[in-house]
Amino acid sequence: MMHRYFAIVAFALTIFANVPASLAVQPNEMLPDPVLEQRARNISAELRCLVCQNQSIDDSDAPLAADLRRVVRERLVAHDTDQQVLDYLVARYGEFVLLKPRFELSTVLLWLTPALVFAAGLTLAARAAARQPAAEAKPLSEKEKAEVAKIMADGGP
Amino acid sequence: MIVEFGHFALILALLVSAVQVIVPAAGASFKDERMMRVAEPAAISQLLLIAIAFFALMYAYVTSDFSVANVAANSHSTKPLIYKMAGVWGNHEGSMLLWVLILALFGAAVAIFGTNLPPTLKARVLSVQAAIALAFLLFSLLTSNPFIRLDPAPSDGNGLNPILQDPALAFHPPFLYTGYVGFSIAFSFAIAALLEGRIDAAWARWVRPWTLAAWMFLTIGIAMGSWWAYYELGWGGWWFWDPVENASFMPWLAGTALLHSALVMEKREALKVWTILLAILTFSLSLMGTFIVRSGVLTSVHSFAVDPARGVFILAILIFFTGGGLTLFALRAKDMQTGGLFQPISREGSLVLNNLLLVTATATVLVGTLYPMALEGLTGQKISVGPPFFNMTFGPLMIPLLLALPLGPMLPWKRGDLAGAMQRLAFAVLIAIVAVVAIFAIGHRGPWLAPFGIALGVYVMAGAVIEWANRIKFGKTGLGEAARRARNLPRSAYGTLLAHFGVGMLVVGIIATSAYREEHILVMKPGQSLAVGGYNVTFTGVESGRGPNYKEDFADFDVKRDGSSIARLKPSKRVYDAPPQPTTEAGIHASWRGDLYLVIGDGQPGGGYAVRAYFNPLVRFIWLGALIMFIGGGISLSDRRLRIGAPSRHVPRAIPVPAE
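For every chain, the first residue of the written sequence is number 1, and numbering continues from 1 along that sequence. Chains and ligands are labelled sequentially in the order written, the chains with letters from A and the ligands with numbers from 1. Only residues with pLDDT of 70 or above have their local features reported here, since the model is predicted, and side-chain atom pairs are shown and tallied only from 80 upward, although totals for entire chains, interfaces and linings are computed over all residues.

A. The arrangement of the sheet that holds strand β9 (residues 594–603) of chain B in detail. All names here are of chain B. Criterion used throughout: strands pair if DSSP finds at least two bridges between them. Helix numbering and strand numbering both begin at the N terminus, where a helix is a DSSP run of H or I of at least 4 residues and a strand a DSSP run of E of at least 2. On the basis of which strands lie adjacent, the open sheet formed by four strands has the order β1-β10-β9-β8 and antiparallel pairing. Strand pairing shows two members of the sheet lacking a second neighbour, β1 (518–524) and β8 (587–590), which therefore form its edges. Recorded for the sheet is a direction-independent mean angle of 15 degrees between the axes of neighbouring strands. In this structure, β8 lies alongside β9, joined through four bridges in antiparallel fashion. Each residue of the ladder has a partner; that of His589, found in β9, is Leu596. Note on method: axes are straight lines fitted to C-alpha atoms, helices fitted across the in-contact stretch only, with angles between N-to-C directions ranging 0 to 180 degrees.

Next comes the structure, spelled out in structure tokens:
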């Protein structure tokens, strides 16, 4: 049923297949310390709501997302660094929870795509440029210059 | 009866398209003019037949004929008329019908307006176009038939998802599809050129207007979707790097590259082979977008299994056209004559850089979108690729693109002088520096890169205007002379000016709203006030009400600026009757400075309501920029040079525009 529902939304929307999130972060979830709260928000934007389609826990109003937001804040209050919070959640939920995958063997291609494609394109363009004869126009020979002068004097061809 | 009529018309359209695939192509091979000419009436009748089918389905929606399964599943008798009509494409089957309708519309347009096309090229273009139609008509009839009846008919329908009952979204798919499908013409022209074994500047002149039209509609379609998400989803986000969004963004990026490379080909006969390849790739990305959205393969690997027939069918179509196109390209491309030569520092060179960066960006989005699925398929490892990844990889690619954007038009064709072009841009750089200083003076807080991002957008905007000022010799001759030059400037130059200016606005809007957004999440009780974005907002209370097909609780906020009341905002929470689903409606007060954006949440145990208040500075620049790009495309399209079938102007221009 849920799949069917998601499928219909996705079909009809064509893009933006997001379920409406009314109020993701609730006022009572927030930490009193604004610095800590801002860190919690930043971390939340990097974490996937595991039961949603493509939302961070910061954007989702699913109950699981609320639980994860609470976990993030608990860890921060317990003096974890941002990285420790992320590690803690990866340990519990797997790499899937990270919206920005880590750079490792299985994601090498993903991370290097921009550089590789750009380099390949640049190489191809450079090779094509090297193949083409110099576009530099040769200066006119004396004979050609005389011809031009003659044509100009005659008032055009 | 009318529904059966539509069903029958759709089957006839399939047969007509089969004829249109075979006969004109055979005619082009045998040089048989009568066979080639079959393409035109076939393309027009195909359009008429699909239009009959489409309007038959719309009739079923408008009359709420719930004996049609598609109507019963997606409509409801109490739905407002406009959403009944829009409901036709608010579901899988109907949206595929819209897809083929637009495809046929483009095909018929080539048949009618392409009077100056060489006969064999025209026959082949229409034949390829019909092959695409044939594939999708088969898909529609075999796996997604919208005309299937129900017996017994239910007394009422299931209704349309309420978040889709919105004017912007009702017209978002037709625009988006016009964009997607419009690139089919570029594809058909590319395949036809490969079959002909010949391609020249005239080819680019024919292809450009179609590509431009498709690009315009895709631009505005994406912008409408983004705007809708902004005000409807209730947290003011406007882009989420969602797979379905990426599906529409990839053809846009590739199409933008195609637009620019076709320009080089038209003017200088260079980049021929590349332009052909890009035309094939752009439409392939459109097809892949359709596949991604239709199969649901990316939203969840499992939903692919819900209806494997559809996913596999579209995958087959995708493989056939992309694979076939690329194979043909591999076989024939080396026979293509290469054209005009140029130095790296030249207009052509700058457009090669544009293409290189846009294609890299497309590849980044493509790999990011498909990687999780591929990795899971290959190793079983599940990863997510979301906004933080795309912002980190896509963003940096845009910086050199935007830096180089104003330089390109300043460089002459063939061989340019970079220092000279930069000199002319000095004023744009100056304006950008002033912008940075101004931002710090106003009081900058947030990421230190933000002011420079905004300056980059300002530089692009200023660069576009300076290029125009240069072309009319503003300040170098008298005002009267400049005005005369401005009038004589081709419309395509104004198109460039507006499109590039729009890009700059878009960048300013994106950076400003991302970096300087103000957010408050709090519990408010009636009578309490909040200062946000230079406004003073007082919460007066919550009331209940009823709309045509929903009931709602709406809050009332009094918005004051400098002590005087300027607006009352009523953000609400709705529950629709059918299907019973809650939505949030934000209360938005728009101004040039930015949007005040209020959302009301649940009542709290201790009294009061959860409230989210945002101030999104310059957020309108995002959609306004896209709109200006759209208008620029339209003005460029109305240029005499591009007008299809317009006789070429033989009278020499009164003032020849120097090649600078």
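B. Structural context of the pairing of β9(B). Residue and element names in this part refer to chain B. Between the buried cut of 20 or more and the exposed cut of 12 or fewer other C-beta atoms within 10 Å of a residue's own C-beta lies the partly exposed class, and all C-beta atoms are placed from the backbone. When you tally the buried positions in β9, you get eight out of 10 residues, the bulk of the element. Bridge count between β9 and strand β10 (residues 609–617): eight bridges; the pairing is antiparallel. Paired with Leu598 across the strands is Ala613, a residue of β10. The turn linking β9 back onto β10 is made up of five residues, and Gly607 within it adopts a positive phi angle of 90 degrees.

C. Main features of the packing of helix α5 (residues 108–131) of chain A against helix α15 (residues 347–379) of chain B. Two elements in contact, α5(A) and α15(B), have axes separated by 9 Å at closest approach and are oriented at 150 degrees. Relative to α15(B), the element α5(A) is oriented roughly antiparallel. Read as a crossing pair, α5(A) and α15(B) show a hand that is right-handed. Residues A:Leu110, A:Thr113, A:Pro114, A:Val117, A:Phe118, A:Gly121, A:Leu122 and A:Ala125 of α5(A) touch α15(B), and the partners they reach there are B:Val352, B:Leu356, B:Val359, B:Thr360, B:Ala363, B:Thr364, B:Val367, B:Gly368 and B:Tyr371. Three residue categories are used. Nonpolar comprises Ala, Val, Leu, Ile, Met, Phe, Trp, Tyr, Cys and Pro, charged comprises Asp, Glu, Lys and Arg, and polar comprises the others, including Gly. A per-class count over the contact of α5(A) with α15(B) returns 12 nonpolar, five polar and no charged. Here is the rule for angles: anything less than 35 degrees is roughly parallel, anything more than 145 is roughly antiparallel, 65 through 115 is roughly perpendicular, and the remaining ranges are oblique. By convention the crossing between two helices is left-handed if the near helix lies anticlockwise of the far one by an angle smaller than a right angle, and right-handed if it lies clockwise. Any pair of residues counts as being in contact when their C-beta atoms, constructed from backbone geometry, are within 7 Å of one another.

D. Broad picture of the confidence of the model for chain B. Residues and elements named next belong to chain B. Per residue, pLDDT measures the predictor's confidence, with a range of 0 to 100. Averaged over chain B, the pLDDT score is 87; the fraction of residues at 70 or greater is 94%. When mean pLDDT is taken per element in chain B, helix α3 (residues 39–62) scores highest with 96 and helix α13 (residues 303–306) scores lowest with 47. Of the regions scoring below 50 in pLDDT, residues 300–305 engages in 12 contacts with residues more than four places distant in sequence or in other chains. Below a pLDDT of 50 lies the segment residues 644–660, which in the model reaches 15 contacts outside its immediate sequence neighbourhood of four places, other chains included. Reported confidence for the predicted complex is 0.86 by ipTM and 0.89 by pTM.

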